[in-house]
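Examination of the molecular architecture
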Amino acid sequence: MNSRHRVIGGAAAAVLTVLALGGCGTSQSSWIADKYSRAGAGTYRSPKSPPIVAGEINRKFKSIDRVDDMALRGAAGGIFLRYPKLVVGVLPDGTGSRITVDQPRGGYNRYYSHVGGRWASPGTNGWTSGGIASFRGGGPGSGK
């Protein structure tokens, strides 16, 4: 195999890797928008119950953390999935579910009464994959 074929073969392997990972790289928000009925900006509906919907989302995209307070709060509760760059709320809506998709700070603030004792406030860049507040560096004296 000459060097040109190796380069082409390597490029083809890289493209295949990107395509294979593309399904994993699909954003949570676009996947939710495709799977569930849009009800408004960042809000979707499903005829399925919150535990089923949250399970579908979490199987597709493993969350950093999950808070489920439905057993404690009933119809006033919900299931909340935390991702590095999103908060997904799955709430009872009649016999189905209302699904909300928020940026970290907005979702944390919206659902603080549910997640405030469990999740730390997100940083300016959301949370890390381990759930710790993520900060984009900066400012004087930051050592840059």
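Let us look at the structure shown here.

Calculation criteria
- Residues numbered from 1 in each chain as written.
- Predicted model: local features only at pLDDT ≥ 70, side-chain atom pairs only at ≥ 80, totals over all residues.
- Heavy atoms only, no water.
- Pairing = 2+ DSSP bridges.
- Helix = DSSP H or I, 4+ residues; strand = E, 2+ residues; numbered from the N terminus.
- Core = buried A, V, L, I, M, F, W, Y, C linked by side-chain atoms within 4.5 Å.
- Buried < 20%, exposed > 50% of the residue type's maximum accessible area, 1.4 Å probe, protein only.
- Contact = heavy atoms within 4.5 Å.
- Phe/Tyr/Trp six-rings, centres within 6.5 Å; stacked < 30°, edge-to-face > 60°.
- Lys NZ or Arg CZ within 6 Å of the ring centre and 35° of its normal.

Right, let's get into the pairing of strand β1 (residues 37-40). Two strands pair when backbone bridges link them, and β1 and strand β2 (residues 43-46) are joined in this way by three bridges, in the antiparallel orientation. Within β2, the position partnered with arginine 38 by the bridge is tyrosine 44. Between β1 and β2, which pair antiparallel and follow one another directly, the connecting turn spans two residues, one of which, glycine 42, has a positive phi of 70 degrees.

Let's shift gears to the nonpolar core. General note: in soluble globular proteins, nonpolar side chains tend to be found buried as a group. Residues Ile32, Tyr36, Ile57, Tyr83, Val88, Val90 and Ile99 are the most contacted members of the largest nonpolar core, which totals 17 residues. Of all elements in the fold, only α2 (28-35), α3 (50-60), β4 (79-82), β5 (87-93) and β6 (96-102) reach the threshold of two or more residues within this core. The contacts of isoleucine 99, once residues within four sequence positions are left out, are Ile32, Tyr36, Gly42, Thr43, Tyr44, Arg45, Ser46, Val53, Ile57, Val88, Gly89 and Val90. Counting nine residues, the second-largest nonpolar core is a separate cluster that includes Phe80, Leu91, Tyr108 and Trp119.

Next up on the list: the packing of aromatic side chains. One pass over the structure, following the stated rule, counts five aromatic pairs. Ring centres of tryptophan 31 and tyrosine 36 lie 6.2 Å apart, and the angle between their planes is 80 degrees; this geometry places the pair in the edge-to-face category. Accessibility assignment for this pair places tryptophan 31 and tyrosine 36 in one class, buried. Judged by centre distance (4.7 Å) and plane angle (45 degrees), the rings of phenylalanine 80 and tyrosine 111 are tilted. A residue pair is termed long-range when its members are at least 10 positions apart, and phenylalanine 80 in strand β4 and tyrosine 111 in the loop between α5 (104-110) and α6 (112-115) qualify at 31 residues. With respect to burial, phenylalanine 80 and tyrosine 111 carry one shared label: buried. Three or more aromatic residues joined by ring pairs form one cluster here, namely Trp31, Tyr36 and Phe61. The ring of phenylalanine 61 is capped by lysine 60, whose NZ or CZ atom sits 5.9 Å from the centre of that ring. When the ring centre of tryptophan 127 is taken as origin, the NZ or CZ atom of arginine 82, which lies over that ring, is 5.0 Å away.

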